[in-house]
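Structural overview
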Amino acid sequence: MILVIKHIAIEGLGTAEEYFTNSGPGLHVIDLSAGDQLPEDLAGIAGVISLGGPMNVYETDRYPFLADEDRFIKKVLRQGMPFLGICLGSQLLAKAAGAEVRRAPEKEMGFKTVFLTEDGLKDPLLRGVGRELTVFQWHGDTFDLPVGGTLLATGRECRHQAFRVGPCAYGFQFHMEVARRDMVAWCDAYL
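1. Considerations on the overall build of the protein
- Tallying secondary structure elements over the protein gives five helices and nine strands in all.
- Along the chain direction, N to C, the helices and strands of the protein fall in the order β-α-β-β-α-β-α-β-α-β-β-β-β-α.
- In terms of C-alpha radius of gyration, the protein reaches 15 Å, essentially the compact-globule figure of 16 Å for 191 residues.
- Structurally, the protein occupies a C-alpha span of about 40 × 35 × 35 Å along its principal axes.
- Within the protein, the proportion of its 191 residues that are buried is 52%.
- Approximately 9,200 Å² of the protein is accessible, and the part contributed by carbon and sulfur atoms is 51%.
- Considering the protein, the positive charge centre built from 19 side chains and the negative charge centre built from 25 side chains are found 4 Å apart.

2. Comments concerning the environment of Pro-39
- Along the chain, Pro-39 falls in the loop between β2 (27–31) and β3 (47–50).
- If we skip the residues at most four places from it in the chain, Pro-39 touches Leu-3, Ile-45 and Phe-72.

3. What to know about the packing of aromatic side chains
- Applying the stated criterion to the full structure yields nine aromatic pairs.
- The interplanar angle of 50° and the centroid separation of 6.2 Å between the aromatic rings of Phe-136 and Trp-138 together place this pair among those described as tilted.
- A relative accessible area of 6% means that Phe-136 is categorised as buried.
- On the basis of an interplanar angle of 90° and a centroid distance of 6.0 Å, the ring pair of Trp-138 and Trp-186 is categorised as edge-to-face.

4. A look at the pattern of salt bridges
- Evaluated as defined, the whole model comprises nine salt bridges.
- Residues Lys-95 and Asp-70 are paired through a salt bridge, measuring 3.9 Å at the closest nitrogen-oxygen approach. Taken together, the residues span a long stretch of sequence, with Lys-95 in helix α3 (residues 88–96) and Asp-70 in helix α2 (residues 65–79) at a distance of 25 residues.
- It is possible to trace a salt-bridge network through shared partners that takes in Asp-70, Lys-74 and Lys-95.

Parameters at a glance
Residues numbered from 1 in each chain as written. Predicted model: local features only at pLDDT ≥ 70, side-chain atom pairs only at ≥ 80, totals over all residues. Heavy atoms only, no water. Helix = DSSP H or I, 4+ residues; strand = E, 2+ residues; numbered from the N terminus. Rg over C-alpha atoms; globule rule 2.2 N^0.38 Å. Buried < 20%, exposed > 50% of the residue type's maximum accessible area, 1.4 Å probe, protein only. Areas by Shrake-Rupley, 256 points an atom, 1.4 Å probe, with all protein chains shown as cover. Lys, Arg positive; Asp, Glu negative; His and termini not counted. Charge placed at Lys NZ, Arg CZ, Asp CG, Glu CD. Contact = heavy atoms within 4.5 Å. Phe/Tyr/Trp six-rings, centres within 6.5 Å; stacked < 30°, edge-to-face > 60°. Salt bridge = Lys/Arg side-chain N within 4 Å of Asp/Glu carboxyl O.

That is the geometry; function is a separate question.
See below:
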């Protein structure tokens, strides 16, 4: 099964939900904001997807589950398990891998272009998608590249847009999963 970690009810798998539901080992979705708990044991988990949310990784006093997730991601990294972090999930991956996460000079919102690096063009996950991607952004934080991490995509406002840690842990600052209904829901909830 693939474990999907939600941080707020309205931010889900979006366009990727049908793919993950109809192929592969199946999904188990937990919502930390609703009080769901991360598993103690990784047995039976084939991979982990950590989604976005309006909180920041350094707001552990306000959102204690973020500290639990930091420990959980470190365990996932030690096991070499496939991991995908989207937006907040990418920031959590960067933090768990030892990088600093902080406020970006400016918020990135809306459709923006990101540029694959030479490593990104050769990466098995991104190979063939093209040098430039138009992606949806909605974040106010940025992060340093973890030591030993590989930068896969960069942007004009926030340099670190996609990265890999080890062979199979990926972080994407942008939202590739967002559907129109998600954008409308986020605008209604967050603006």
